[in-house]
Amino acid sequence: MGPSPGALVLVRHGQSTFNAGDRFTGLLDVPLSDVGVAEARRAARLLADAVAREPALAPRRVVTSPLVRASATAAVMAEALPGPPPLAVEWRLVERHYGAFTDKLRDVVRRDYGEAAYWRYRRSYLHRPPPLADDDPARALVDDTLLRLPDAARATLRTDAESLADVVERLRPFWAATRVRLLHGEAVLVVGHGNSLRALSVLVDDLTPEEVQDLDVPTGHPLVHRFTAAPDAALVPEVRGGTYLDAQGAEHAVTDLRARGGT
């Protein structure tokens with residue numbers, strides 16, 4: 001009999017400066033706000049305390065999106081953990097490309113496109129936002145991000161806009177590799193973005209499009225997935241959807257997030 005599967009810990013980066021300003025960020029590389037730095041430190045303490053109680057939770061590997069709001073959060077968290085564990089950058093974890101909405105205030109998009117279209121573009125599984133035009137001021141900023149990603153990323157990522165389904169597809173190879181590590185008993189910490197983690201949750205928990213439509217991911221709250229291994233080597237979640245280390249704090253954060261329009 002092999003080792004028990006390792007735990008998967010998912011953390012959305014701390015609040016970014018664009019989160020604070022209620023802007024669509026997407027592929028723009030913006031820093032953490034002061035609140036976001038505090039959230040990263042709090043997430044680090046939560047996970048470090050959990051590891052002290054349950055050493056098997058200690059990540060053997062920290063994987064982060066290359067965007068600075070995620071990589072800065074990951075660095076804070078890794079430093080607080082035993083080892084500390086090595087930090088790996090995975091381009092597939094970058095945030096969803098929000099197309100023409102990039103760098104726009106959410107209220108402005110809502111006004112310009114209408115309530116029904118706004119929610120369809122934001123929360124549906126298959127709809128992509130309108131494409132980012134070549135003459136849009138955000139185009140140069142998105143291109144700058146793309147230029148700093150590996151060749152494989154530039155060959156794979158859509159340059160106009162992405163649906164959540166597109167993000168799920170680009171994350172499939174990452175989940176396949178992570179699944180192998182978990183089956184070998186390794187605990188893994190993944191630091192990503194609201195929509196890259198929603199997309200990853202589709203694969204981890206086999207969520208339907210309707211289920212993921214209602215999924216919100218608060219910033220700076222570690223979510224722990226524990227698994228059992230089925231005879232066919234499939235990973236079976238012990239608790240579908242995982243368990244937040246600070247369940248009450250995460251519930252309040254999700255309630256506030258939904259009041260502001262969700263992830």
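The present account deals with the structure reproduced in this document.

Here is what the cut-offs are and how they apply
Residues numbered from 1 in each chain as written. Predicted model: local features only at pLDDT ≥ 70, side-chain atom pairs only at ≥ 80, totals over all residues. Heavy atoms only, no water. Salt bridge = Lys/Arg side-chain N within 4 Å of Asp/Glu carboxyl O. Helix = DSSP H or I, 4+ residues; strand = E, 2+ residues; numbered from the N terminus. Core = buried A, V, L, I, M, F, W, Y, C linked by side-chain atoms within 4.5 Å. Buried < 20%, exposed > 50% of the residue type's maximum accessible area, 1.4 Å probe, protein only. Contact = heavy atoms within 4.5 Å. Axes fitted to C-alpha atoms, helices over the stretch in contact; angles between N-to-C directions. Parallel < 35°, antiparallel > 145°, perpendicular 65-115°, else oblique. Left-handed = near helix turned anticlockwise from the far one by under 90°. Nonpolar A, V, L, I, M, F, W, Y, C, P; charged D, E, K, R; others polar. Pairing = 2+ DSSP bridges. Phe/Tyr/Trp six-rings, centres within 6.5 Å; stacked < 30°, edge-to-face > 60°. Lys NZ or Arg CZ within 6 Å of the ring centre and 35° of its normal.

1. Topic: the pattern of salt bridges
- Under the defined criterion, the tally for this structure stands at 20 salt bridges.
- A salt bridge links D151 to R154; its shortest N-O distance comes to 2.2 Å. Here R154 and D151 lie together in helix 7 (residues 151-156), a separation of three residues that amounts to about one turn.

2. Details of the nonpolar core
- L8, L171, W175, V190 and L200 are the most contacted members of the largest nonpolar core, which has 26 residues in total.
- Those elements that provide at least two residues to this core are strand 1 (8-12), helix 8 (164-183), strand 4 (188-192) and helix 9 (194-205).
- Beyond its immediate sequence surroundings of up to four residues, L8 is in contact with W175, T178, L182, V188, V190, V204, L223, V224, H225 and F227.

3. Let's talk about the pairing of strand 1
- By the criterion of burial, strand 1 is predominantly enclosed, with five of the five residues buried.
- Here strand 1 shows two buried faces, one formed by L8, L10 and R12 and the other by V9 and V11.

4. Focus on the packing of helix 4 (residues 106-113) against helix 5 (residues 115-123)
- Packing of helix 4 against helix 5 brings their axes to within 6 Å, and their N-to-C directions diverge by 125°. Overall, the two elements helix 4 and helix 5 adopt an arrangement that is oblique. Viewed along their axes, helix 4 and helix 5 form a crossing whose handedness is right-handed. For the pair helix 4 and helix 5, the contacting residues are R106, V109, R110 and Y113 in the first and E115, A117, Y118, W119, Y121 and R122 in the second.
- Tallied by class, residues from the contact of helix 4 with helix 5 come to six nonpolar, no polar and four charged.

5. Remarks on the sheet that holds strand 4
- Here six strands make up an open sheet; going across it, the order is 3-2-4-1-5-8 and the pairing mixed. Lying at the two open borders of the sheet, with one neighbouring strand each, are strand 3 (87-89) and strand 8 (243-244).
- Bridge count between strand 5 (residues 223-225) and strand 8: two bridges; the pairing is antiparallel. Within strand 8, the position partnered with L223 by the bridge is Y244.

6. With respect to the packing of aromatic side chains
- Going through the model one piece at a time under the given rule, you end up with seven aromatic pairs.
- Seen from their ring centres, F24 and Y118 are 6.4 Å apart, and the 70° between their planes marks the pair as edge-to-face. Of this pair, F24 sits in the loop between helix 1 (17-20) and helix 2 (34-53) while Y118 sits in helix 5, placing them 94 residues apart in sequence.
- A residue is classified by how much of its surface remains accessible, and F24, at 1% relative accessible area, is buried.
- Given the relative accessible area of 1%, Y118 is considered buried.
- The aromatic ring of Y121 is capped on one face by R120, whose charged end is 5.4 Å from the ring centroid.

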